[in-house]
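# Report on the structure
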Amino acid sequence: MKKLALLGALALSVLSLSSIADEKPLKIGIEAAYPPFASKAPDGSIVGFDYDIGNALCEEMKVKCVWVEQEFDGLIPALKVRKIDAILSSMSITEDRKKSVDFTNKYYNTPARLVMKAGTQVGDNLAELKGKNIGVQRGSIHERFAKEVLAPLGAEIKPYGSQNEIYLDVAAGRLDGTVADATLLNDGFLKTDAGKGYAFVGPAFTDEKYFGDGIGIAVRKGDEADLKKFNDAIAAIRANGKYKQIQDKYFDFDIYGK
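This section reports on the structure supplied with the text. (Residues numbered from 1 in each chain as written. Predicted model: local features only at pLDDT ≥ 70, side-chain atom pairs only at ≥ 80, totals over all residues. Heavy atoms only, no water.)

### Describing unusual backbone geometry
It is generally the case that most residues other than glycine have a negative phi and that most peptide bonds are trans. For the peptide bond that leads from P35 to P36, omega is 5°, which places it in the cis range. With respect to the helices and strands, P36 occurs in the loop between β1 (26–30) and β2 (39–40). Here R82, not a glycine, exhibits a phi torsion of approximately 65°, which is positive. One non-glycine residue, S90, lies in positive phi territory at about 50°. For S90, the position within the fold is in strand β5 (residues 86–92). (Helix = DSSP H or I, 4+ residues; strand = E, 2+ residues; numbered from the N terminus.)

This is the structure:
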């Protein structure tokens, strides 16, 4: 009987270990070149609001998550070919993207702004942008907005692989300005030494046609299980104070928005 009990215990142990081994981690795609949302620390680790929110969600969902770095314009293709299971990288919820992926509820919402030399006058009609070189991140909603709204006004739109590359060319005078998320521009450029002498100019951009309904997590079309898990987790960390704790680490305002 003792032998049978021992064999039974061993069998259960093997099954338990097998079950754990069979559980695949959730692979989350992120571009780590978008401070303060995601960037690389000196030791090479990822830091930022998106990264902390993602880890809090994974903890709430009680799943192991593995972060996969990818350039922004390659995130949706990577999701489609199952290289990753979700995208948590400040991706705006837009009708165009909804054709390719499913989105969770928003986890933050901020407007887009234009940054140029301090003192540059830009009116609501944006006529002053004629002939100006404006950098945008390739594959972003800001690229589409710039090409469809600013280019017809005479602005020269220059796509880049990352926002950090844009900052370098703005500071070097190779670009007249850039359009991107206001919080990103403020923390990632204007508050840095490279951003001295630059400022927000013109109006805030909030047109839902381009900027959607906030920032969400993207999953593959039809992935209802992960979509529900993420939405439940977002609601949970909003309710239990974890979201605010992370928000206050990076911002002095309510980034969740209305």
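### Describing empty space enclosed by the protein
Throughout the structure, instances matching the rule amount to one cavity of 30 Å³ or more. There is about 210 Å³ of room inside the largest cavity. Around the largest cavity, the lining is made up of 20 residues, and of these Y34, S90, S92, H142 and I215 lie nearest the centre. For the lining of the largest cavity, the elements supplying multiple residues, two or more each, are β5 and α5 (141–150). Among the elements that take part in the lining of the largest cavity, β5 stands out by supplying three residues, more than any other. (1 Å grid on protein atoms, 1.4 Å probe; cavity = no way out; pocket = protein on both sides within 12 Å on 5 of 7 lines; lining within 4 Å. Points joined across faces, edges and corners; volume = space filled by probe spheres on them.)

### Here's the deal with the packing of helix α2 (residues 49–61) against helix α9 (residues 224–239)
Two elements in contact, α2 and α9, have axes separated by 9 Å at closest approach and are oriented at 105°. Between α2 and α9, the interaxial angle falls into the category roughly perpendicular. For the pair formed by α2 and α9, the contact residues are I53, A56, L57, E60 and M61 on the first element and K229, F230, A233, I234, A236 and I237 on the second. (Axes fitted to C-alpha atoms, helices over the stretch in contact; angles between N-to-C directions. Parallel < 35°, antiparallel > 145°, perpendicular 65-115°, else oblique. Contact = heavy atoms within 4.5 Å.)

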